[in-house]
Amino acid sequence: MKRQNYYLHRDSKTGSITYLEYDKIDGYKITPRTKIEDAIKVNKVVIVNPGFSEKIIKKKIDIKIRQLLNVISTIDEDGDGDEGLISKSLMDAEKLRNSILNNYVKYLGHTYESLTMKKIQVIINQLRIKLYNARSIKRVSELESLYYLDEDVYKGRGR
C-alpha cells in the first residue's frame, strides 16, 4: 500500500476546505538535518514561494563561495599551499558549480546564475594555478634532493 501525504485546511470565515497532495506541490524541497529531542520531527519542507526559495538558495551559494575564498586566502598567507587542501577545495568548487547547474538553475534568475558561474570559474582557475604551483615546487625540491644525493654518492677517482 502506497503511503500518501495530504494537507487539509478549513477557512474559518468561508468554511471552504483546501485539499493538497504534498507529492504534487512544485517547489524547493529541503530535508532538515537537525535532530532535537522533545521537538516535532520534520522530514521534509517544501517552499512554494519562489522569492523565498530564491533567497535561501542564494544564501547557501554565497556561504559556500565565501568558504572557498577563505581557503584561497589562507593558502596565499601560508605561501606554499598544502596540495591536499587545494585539491579538496578544487573538488568542492567544481561540485558547487555542478549542483548549481543541475539543481538550482530553475529557482535562480539568469543574471544571478551567470554572475555566480563566473565567480566560481575564477575560483576554480585560481585553485588550479595554486595546485600547479604547489606541484611544481614539490617536483623542483625532489629534483634538487636527487641532484645532491648523486653528488654525495659520487666521490670521484682519487689516488
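The notes below deal with the structure included here. Note that the structure is a prediction, hence the values are computed from the model and not measured. (Residues numbered from 1 in each chain as written. Predicted model: local features only at pLDDT ≥ 70, side-chain atom pairs only at ≥ 80, totals over all residues. Heavy atoms only, no water.)

Next up on the list: the nonpolar core. Formed by 25 residues in total, the largest nonpolar core has its most connected members in Ile57, Ile61, Ile100, Tyr104, Ile123 and Leu127. Contributions of two or more residues to this core are made by α1 (50-78), α2 (83-104) and α3 (110-153). For this core, the leading source of residues is α3, giving 8 residues. (Core = buried A, V, L, I, M, F, W, Y, C linked by side-chain atoms within 4.5 Å. Buried < 20%, exposed > 50% of the residue type's maximum accessible area, 1.4 Å probe, protein only. Helix = DSSP H or I, 4+ residues; strand = E, 2+ residues; numbered from the N terminus.)

Attention now moves to the pattern of salt bridges. Going through the model one piece at a time under the given rule, you end up with 4 salt bridges. The closest approach of N and O atoms between Asp92 and Lys88, which form a salt bridge, is 3.3 Å. Pair noted here: Asp92 and Lys88 are both in helix α2, with a separation of 4 residues, about one helical turn. Asp92 gets classed as partly exposed once you look at its relative accessible area, which sits at 35%. Overall, the relative accessible area of 48% leaves Lys88 in the partly exposed class. The shortest N-O distance in the salt bridge between Glu94 and Arg128 comes to 2.9 Å. Residue Glu94 is found in helix α2, and its partner Arg128 is found in helix α3; the two are separated by 34 residues along the sequence. (Salt bridge = Lys/Arg side-chain N within 4 Å of Asp/Glu carboxyl O.)

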